[in-house]
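Observations on the three-dimensional arrangement
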Amino acid sequence: MNVPGSPRPTYREVFDHIRQHHPRCPACHAHQIVQRVLAKHRRKFPLGKAVGIEMQNYIRHELTNYDKLLKVEGADRALCRASIKSKVQKIISKWDRPK
């Protein structure tokens with residue numbers, strides 16, 4: 001497990017974390033999320049938190065119309081995020097381990 005200040009996690013560690021906690025996440029998306037986590041490596045967060053942040057960011061930008069909403073003249077970032085928040089959460093819930 002990654003803790004704040006620990007060495008950079010490996011590709012395998014991040015991918016295994018996603019597979020363990022979000023087993024229904026399609027591999028194509030999991031690989032993209034791993035790349036994002038490794039590129040940013042949020043050292044101040046444990047691995048699970050870093051994966052969660054990057055997973056939300058990935059879904060927001062790649063699987064919703066968030067970026068399109070931002071391009072509307074006068075668009076407010078907070079309102080755009082709020083408008084797609086439930087979709088992001090639904091996708092994460094679908095990817096989570098069955099309850």
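This write-up is about the structure you can find in this document. Given the structure is predicted, the values throughout are model-derived calculations rather than measurements.

Description of the overall build of the protein
Along its length, the protein carries five helices and zero strands. Along the protein, helices and strands appear, N-terminal first, in the series α-α-α-α-α. The principal-axis extents of the C-alpha atoms in the protein amount to approximately 40 × 30 × 20 Å. In the protein, buried positions account for 35% of the 99 residues. Of the accessible surface of the protein, which amounts to about 6400 Å², a share of 54% is contributed by carbon and sulfur atoms.

Observations concerning the packing of aromatic side chains
One pass over the full model with this rule turns up one aromatic pair. Measuring from centroid to centroid gives 6.4 Å for Y11 and F15, while their planes differ by 15°, and the two rings are stacked. Of this pair, Y11 and F15 both sit in helix α1 (residues 11-21), four residues apart, which is roughly one turn of that helix. The exposure class of F15 is buried, given its relative accessible area of 12%. If you follow R60 out to its NZ or CZ, it ends over the ring of Y66, 5.7 Å from the centre.

Some details on helix α5 (residues 77-95)
Counted at 1.5 Å a residue, the expected span for α5 with its 19 residues is 27 Å, and the 26 Å between its end C-alpha atoms agrees. Of all the bends in α5, the greatest measures close to 45° and is centred on I84. Looking at the buried side of α5, the elements it contacts are α2 (27-40), α3 (47-62) and α4 (66-70). By the N-cap criterion, in which a side-chain oxygen at the helix start approaches the backbone nitrogen of a residue two or three places on, α5 is capped by D76, the distance to A78 being 3.2 Å.

Some words on the nonpolar core
Grouped together as the largest cluster of nonpolar side chains are 21 residues, with contacts concentrated most on V14, I18, I33, V51, M55, I59 and W95. Mapped onto this core, the elements with two or more residues apiece are α1, α2, α3 and α5. With six residues, the top contributor of residues to this core is α5. When sequence neighbours within four positions are dropped, the list of residues in contact with M55 reads I18, H22, I33, I92 and W95.

Rules and cut-offs
- By convention here, each chain's residues receive numbers from 1 onward along its written sequence.
- Only residues with pLDDT of at least 70 get local features here, since the model is predicted, and only at 80 or more are side-chain atom pairs given and counted; chain-wide, interface and lining totals rely on the full set of residues.
- Think of the side-chain values as coming from all heavy atoms in the structure, minus any hydrogens and water.
- Only DSSP runs of H or I reaching four residues or more are called helices, and only runs of E reaching two or more are called strands; each is numbered from the N terminus.
- When a residue's accessible area, from a 1.4 Å probe over protein chains only, is under 20% of the maximum for its type it is buried; when over 50% it is exposed; and in between it is partly exposed.
- Reported accessibility uses the Shrake-Rupley method at a 1.4 Å probe radius. Residues are deemed covered only where the shown protein chains occlude them.
- Centre distance within 6.5 Å is the pairing criterion for rings of Phe, Tyr and Trp, where only the six-membered ring of Trp is used; planes under 30 degrees apart are then read as stacked, over 60 as edge-to-face, and the remainder as tilted.
- Lysine NZ or arginine CZ positioned within 6 Å of the ring centre and within 35 degrees of the ring normal marks a charge as sitting over the ring.
- By this rule, a helix spans an expected 1.5 Å times one less than how many residues it contains.
- The bend at a residue is defined as the angle formed between two axes, one fitted to the seven residues ending at that residue and one fitted to the seven starting there.
- Residue contacts are counted whenever heavy atoms from the two residues lie within 4.5 Å of one another.
- Any N or O atom pair separated by 3.5 Å or less is treated as a polar contact, with the protein-specific requirement of one donor-capable and one acceptor-capable atom, and with residues adjacent in sequence counted only for side-chain atom pairs.
- We call a set of buried Ala, Val, Leu, Ile, Met, Phe, Trp, Tyr and Cys residues a nonpolar core when their side-chain atoms join them within 4.5 Å.

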